[in-house]
Amino acid sequence: MNPVNTKPYSLPPDATWLITGCSSGIGKAIASLIATKVSSGQRLIATARDPSSLSYLPDDNPNILKLRLDVTSPKSVTAAFSDAAKHFGSNFRLDVIINNAGYSLSGDTESATEDETHKETETLFFGTARMTTAAIGVMRQAAGRGGIIFNISSLAGQCAFPGHAYYHAGKWAVEGWTESVAKEMHPDWNINFCIVEPSGVKTEFEGHSKAHTRPHPAYQGADMPARRLEMFVRKGIEMGMGMMEPSDIADALYKIASRGECVPLRLPLGATAWKMVKAKHEGALGELEKVKGISGMGQEL
Ligand SMILES: NC(=O)c1ccc[n+]([C@@H]2O[C@H](COP(=O)([O-])OP(=O)(O)OC[C@H]3O[C@@H](n4cnc5c(N)ncnc54)[C@H](OP(=O)(O)O)[C@@H]3O)[C@@H](O)[C@H]2O)c1
């Protein structure tokens, strides 16, 4: 049983969606999809660090609001919520928020700087946490109308790979934090949480969005695990192996929001993600059995 989202969720016909990181990739695909629903009554708040990157959305529709938003800045988050409230007036509600903004810091963990690691966790975790907290406040005031908070994690929020330690740290923090906050909600508020865990998607994620630590001389051998993984990922991307389109993610999230069923707390997306998460849990069960004798400390398990 889903221990958190226990009631079916019904998307209101005039739902308002807020999405972070809409300049490219998954955020752009979701914003583009929701823009097509505006003529049937839904509303879109599309956000980006540089609002000129949102020129793919129409300028002349009052139900599409484009806002500047950098999730690492508390001031920017407060300003975006206040601008949205001003724009929609007494009609301001938030039904679905998609915390999508993020990037990967990759490379050798020993050479990662304080600055690089704090920026990564500030974006992935604190950005998601401050947006979620602000959204809960708005959703709570809508007297049971509630909503869905989609926090975009990753397959990397469940399984860890070499050479991405701080990316995993940020995504695992999102996972644990979201699960805890979801359990803090009163059921009558009808606020649902969904941690989204895609495997590879064809976006700017491996391109200009990616940050790299300085290569550490001790880790440069071709047999080092992170170098081998990089080679495997590069080949996979070149061959388009198992990579999803950003529109696949948009369609899946729209389906979860609109199908009138309970919202899953976790949603691996892509066959790779689903199989790897399953294998991880099965492996963990085996590991758990192996330590049973020690863990039990003489008690019956
Ligand atoms: N692509 C994949 O294979 C994959 C797989 C699993 C999970 N994800 C997750 O999916 C999410 C979207 O990534 P993507 O694949 O669509 O890559 P993307 O095309 O690089 O998009 C990332 C978006 O995040 C924005 N962003 C970064 N830092 C931000 C900040 N401080 N404030 C606001 N926006 C910020 C970027 O804006 P700028 O244009 O201003 O940089 C861009 O719009 C990320 O959370 C990523 O971790 C991706």
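Refer to the structure printed above.
Let me sum up the structure you'll find in this document. (Residues numbered from 1 in each chain as written. Predicted model: local features only at pLDDT ≥ 70, side-chain atom pairs only at ≥ 80, totals over all residues. Heavy atoms only, no water.)

## Considerations on the overall build of the protein
No. 1: Looking only at helices and strands, one finds eight helices and nine strands in the protein.
No. 2: What you see for the protein is a C-alpha radius of gyration of 20 Å, in line with the 19 Å of a compact globule of 301 residues.
No. 3: Viewed in the frame of its principal axes, the protein has a C-alpha envelope of about 60 × 50 × 35 Å.
No. 4: The long-range fraction of contacts in the protein, counting pairs at least 24 apart against all pairs at least 6 apart in sequence, stands at 72%.
No. 5: Total accessible area on the protein is roughly 15,100 Å²; 56% of this is exposed by carbon and sulfur atoms.
No. 6: With 31 positive and 32 negative side-chain charges, the protein shows a spacing of 3 Å between the two charge centroids. (Helix = DSSP H or I, 4+ residues; strand = E, 2+ residues; numbered from the N terminus. Rg over C-alpha atoms; globule rule 2.2 N^0.38 Å. Contact = heavy atoms within 4.5 Å. Areas by Shrake-Rupley, 256 points an atom, 1.4 Å probe, with all protein chains shown as cover. Lys, Arg positive; Asp, Glu negative; His and termini not counted. Charge placed at Lys NZ, Arg CZ, Asp CG, Glu CD.)

## Observations concerning the packing of helix H1 (residues 25-35) against helix H6 (residues 246-258)
No. 1: Remark: H1 packs on H6, axes separated minimally by 8 Å, with the N-to-C direction vectors making an angle of 55°. Judged by the angle between their axes, H1 and H6 are oblique. Crossing geometry of H1 relative to H6 is assigned as right-handed. Contacts between H1 and H6 involve Gly25, Ile26, Ala29, Ile30, Leu33 and Ile34 on the former and, on the latter, Pro246, Ser247, Ile249, Ala250, Asp251, Leu253 and Tyr254.
No. 2: Residues of the contact of H1 with H6, tallied by class, amount to ten nonpolar, two polar and one charged. (Axes fitted to C-alpha atoms, helices over the stretch in contact; angles between N-to-C directions. Parallel < 35°, antiparallel > 145°, perpendicular 65-115°, else oblique. Left-handed = near helix turned anticlockwise from the far one by under 90°. Nonpolar A, V, L, I, M, F, W, Y, C, P; charged D, E, K, R; others polar.)

## With respect to the pattern of salt bridges
Any two side chains of opposite charge can pair, on the condition that their charged atoms come close.
No. 1: With the rule as written, the count across this model stands at 17 salt bridges.
No. 2: One salt bridge connects Arg266 with Glu175, and the closest N-O pair in it is separated by 2.8 Å. Remark: Glu175 occurs in helix H4 (residues 165-184) and Arg266 occurs in strand S9 (residues 266-269); sequence separation between them is 91 residues.
No. 3: Salt-bridge contacts for Lys202 lead to Glu245; the nearest nitrogen and oxygen are separated by 2.7 Å. Of this pair, Lys202 sits in the loop between strand S7 (191-198) and strand S8 (211-212) while Glu245 sits in the loop between helix H5 (225-239) and H6, and the two are 43 residues apart along the sequence.
No. 4: Each of the salt bridges in this network shares a partner with another, and the network as a whole consists of Glu175, Glu179, Lys183, Glu197 and Arg266. (Salt bridge = Lys/Arg side-chain N within 4 Å of Asp/Glu carboxyl O.)

Geometric values such as these leave the question of function open.
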